[in-house]
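Geometric and topological summary
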Amino acid sequence: MSRSYHSREARWLGAVSLIMIVLGTMALSSCSRPYLFMRTINEEESRYVRFQARYGQGQDGVALKFAHPVALGEPAWAHLLDNIFIQEQKKLLAPGAAQPASRSAFDEDEKRYLTKHLAEGFQKARPDEWVVFYLSHPREPGVVEIDSGGFFIEEGRLHLILANYRQPVSMAFIREQIWNDPLRPAGDSFYDVVPQDHQTVHTVRRMDLTQSLLKQVPELSIDYSAQLNAGVSGDGETVGSSIEDRLRTLKRLRDRGLISEEQFRMKRERLLERL
Amino acid sequence: MGQIALQVGLPRRASPGAATVIILALVVLGTIMLAAPQKSQAIPAWARKYDADCAMCHYPVVPRLNSFGQQFRRAGYRTPSEFNKDQDLTNVGNFLAARIRAQLTYDNTKGTVERSEFRFPDLSIFYSGALTRNFSAWIHAFSNNSTSVDFHGHLQGIYGDSDGFISVRVGQMHMLQQEGVGGFDRPTGISVPPIQALTLTGTSVLANGAAQAFHFDLRQKGVEVAYVRGAGRLLFQVTNGLNQTGSGTANLGDIDPQKDYLVAYERILDEIASGFTLFYYHGTNHGLVTPVGTTGAPTSIGNRFDFSRYGFNLSKIFPVGGLGFFEIQGGYIRSHDNNPSLVGSPGQLSRDVEGNAFYVESQQYVTGPELTFFERYSCMDLNAPRPNSTRKDYTIGVVMPIQTRLRTTAEYTYTDNRFSGITGHLALLELQANW
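Given the structure is predicted, the values throughout are model-derived calculations rather than measurements. In this numbering scheme, every chain counts its residues from 1 along its sequence in written order. Chains and ligands are labelled sequentially in the order written, the chains with letters from A and the ligands with numbers from 1. Totals for whole chains, interfaces and linings use every residue, but because this is a predicted model, local features are given only for residues with pLDDT of at least 70 and side-chain atom pairs only at 80 or more, for both listing and counting.

Notes on the overall build of chain B
Where helices and strands are cited, they refer to DSSP runs of H or I of at least four residues and of E of at least two residues respectively, numbered from the N terminus. A tally of helices and strands in chain B yields five helices and 16 strands. Across the 435 residues of chain B, 53% fall into the buried class. By the criterion used throughout, residues are in contact when their C-beta atoms, derived from the backbone, lie within 7 Å. In chain B, of all internal contacts separated by at least 6 residues, the share reaching a separation of at least 24 is 63%. To assign burial, the other C-beta atoms lying within 10 Å of each residue's own C-beta are counted, with C-beta atoms placed from the backbone; 20 or more indicates buried, 12 or fewer indicates exposed, and intermediate counts indicate partly exposed.

Now the structure itself:
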């Protein structure tokens, strides 16, 4: 055989192999993509709260059945969101650095926005629908920070999948990916969810949101009835503890370094306003 | 340093047959099936510093940069909001990073024994970042396939703001390849396009046989002044040029009083990684250096000749619905060696050498599994007036992030070198970790 024949042969086989790889991968990729159905609860330029039904991903083609709809008032949601805490992960090669303090996962504006629209959404959510959210803020020129995830209620517990938290994004197509599927993590997280009373944190595998065997996304599971009974009811009335008890709890959290001085003062003022 | 593997495998034997390609395809597919795609990080020190995933600065995979990453590098490893601001140097983890690359290679080269080999082409330590309001530093210590450790690094000063600034770099640094845009950045796969990493003219007839070791992937010692305005960068470099080994890194330093210079203009076209670069390089070399070697200053040099390289590189990325992206990339380099009259073999005396080189490459990035496929054709006519002086390289491959701080790449290159009469095949499977 001549050299040119071998050259042609190698090129031909290479091209065929490549095409097979590309087609096979695209087929695998398209098979593993979930089918998403979204309905808007509220949408602004930089944030939204929506219903989302997911089919065909890690569920054998059957949608999950949640305990929706659920009627929880805005005060209840405010209380639940107040008690979601986040902590920056300790960094590698930072000897002597203090363990970062935990802090409320959402700022006051985010809480107000989510409180209003989660309350509205969960009253209308269907059993196969998550209530998902997307929140973005400019971080610096060319970069936005994105929080995204979703809530659902199952077997008496409120679940939060925090797929992206303070995720800095510089490319529009990644922003669009998260906008179109807020449950899909766009990258590594540098924060941990810190469980409070009546909360547990575990990692998400069952819904395979990451299309990965290794990637893990934190799932916060909240016994919301117990938490609300320890705080406020769905109507916003204090049922489980007095203001005095809650002030003591607040002080304990600050003394243990779980909340900052600023958070302590802000919460204390809010509690005192209720007197 | 992925180009090292390609260079090692230059001369090759004909015909791998179907087996090589099919085995490679199976390896790639097997790896895809076994590995779970995920993001990885490039310089994890900066990921730690900014609490950022790799995608803030990289596309489609580490270490290739997107527009934000390019601007970050241009600005001396600072974000737009960090211009003219003091830096916190207390956390060493924000500056220190490491990388290791391990390869399994298959080499079937004409005239040599067919072989496979484990290689460690790169074990690196980086200490880099912005140091003060205006200054930054890059230090890279590395070992490649040997026990020796090499260092290179540079200091960089930035004057201006994020809209427009002047940058001055001093030290030993890459020229365009690994530092530029439009195909001049670090490769998506393992190997650098041959036209950027290999000799571009067939002048091996010159004395010492090392006269034209120049290529664009060298780390040269010198100074660079650049003006950055928006997406554009105009740069001017003055460097030692080649020493007699052609490496530009020998301890001896410059062997003559002449300096080489490079003028280039590069522009980023979009937020992902599209861009183009126009460049002109002028160098001086000597065909005769005595004594031959790298220790001590030369006692005599002769047969001076000048050479030039100019051309362009460009890349453009197109979105393909929600499936991913398609990229077309390419470049052209025109070479001219102004050979001295007393150098050359019979029949070649005093003849200048002209070379032409170009490459085209396409890449497909698939969202979801986050795989990137690439295919490249490179053609170098090492001596344009001479027949049968063309070298062609055909490369295909796939790269994917496996897990945080880890990526894997499979790449195959077929080389048909008519200049040397040697053909061959090189397959590489690489695992790269950054932390």
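Quick notes on the nonpolar core
In this usage, the nonpolar core is the set of buried Ala, Val, Leu, Ile, Met, Phe, Trp, Tyr and Cys residues whose C-beta atoms join them within 7 Å. Val49(A), Leu118(A), Val131(A), Phe133(A), Phe151(A), Leu160(A) and Leu162(A) are the most contacted members of the largest nonpolar core, which totals 91 residues. It is strand S7 (residues 157-169) of chain A that contributes the most residues to this core, seven residues altogether. Counting twelve residues, the second-largest nonpolar core is a separate cluster that includes Leu176(B), Phe184(B), Ile268(B) and Phe279(B).

What about helix H3 (residues 108-124) of chain A?
Residue and element names in this part refer to chain A. Under the convention used throughout, the expected extent of a helix is 1.5 Å for every residue step, that is, one less than its residue count. If you check H3, its first and last C-alpha atoms are 25 Å apart, about what 17 residues at 1.5 Å a residue would give, namely 24 Å. Residues Leu114, Thr115, His117, Leu118, Gly121 and Phe122 constitute the buried set of H3. Tucked into the core, H3 has its buried residues touching strand S1 (35-43), strand S2 (47-55), helix H2 (74-82), strand S5 (130-140) and strand S6 (143-154).

With respect to the pairing of strand S2 (residues 115-130) of chain B
All names here are of chain B. Relative to S2, strand S1 (residues 96-109) runs antiparallel, the two being bridged by eleven bridges. Counterpart to Thr105 in the pairing with S2 is Glu117. Strand pairing is assigned whenever DSSP detects at least two bridges linking the two strands. Counting the residues that bridge the hairpin from S1 to S2 gives five residues, and of these Gly111 lies at a positive phi of roughly 90 degrees. Sheet topology places S2 next to strand S3 (residues 135-143); eight bridges connect them, and they run antiparallel. Paired with Ala130 across the two strands is Ser136, which belongs to S3. A loop of four residues connects S2 with S3, the two strands running antiparallel in sequence.

Describing the packing of H2(A) against H3(A)
Residues and elements named next belong to chain A. The N-to-C vectors of H2 and H3 enclose an angle of 130 degrees; their axes lie 8 Å apart at closest approach. In terms of orientation, H2 and H3 fall into the oblique class. For the pair H2 and H3, the crossing hand works out as right-handed. Contacts between H2 and H3 involve Glu74, Trp77, Ala78 and Leu81 on the former and, on the latter, Lys111, Leu114, Thr115, Lys116, Leu118 and Ala119. For the contact of H2 with H3, the class distribution of residues is six nonpolar, one polar and three charged. Fitted lines through C-alpha atoms give the axes, limited to the stretch in contact for helices. The angle between two N-to-C directions lies from 0 to 180 degrees. By the definition adopted for this analysis, an angle is roughly parallel if under 35 degrees, roughly antiparallel if over 145, roughly perpendicular if from 65 to 115, and oblique otherwise. The hand of a helix crossing depends on one turn: near helix anticlockwise from the far one by less than a right angle means left-handed, and clockwise means right-handed. Each residue is assigned to one of three groups, with Ala, Val, Leu, Ile, Met, Phe, Trp, Tyr, Cys and Pro labelled nonpolar, Asp, Glu, Lys and Arg labelled charged, and all others, Gly among them, labelled polar.

Description of the confidence of the model for chain B
Residue and element names in this part refer to chain B. Looking at chain B, the pLDDT average stands at 81 and 81% of residues meet or exceed 70. A low-confidence stretch, residues 31-41 stays under pLDDT 50, and its non-local contacts, those more than four residues away or across chains, total 46 contacts. With pTM at 0.79, the complex prediction returns an ipTM value of 0.77. What pLDDT conveys is the predictor's confidence in a given residue, as a value from 0 to 100.

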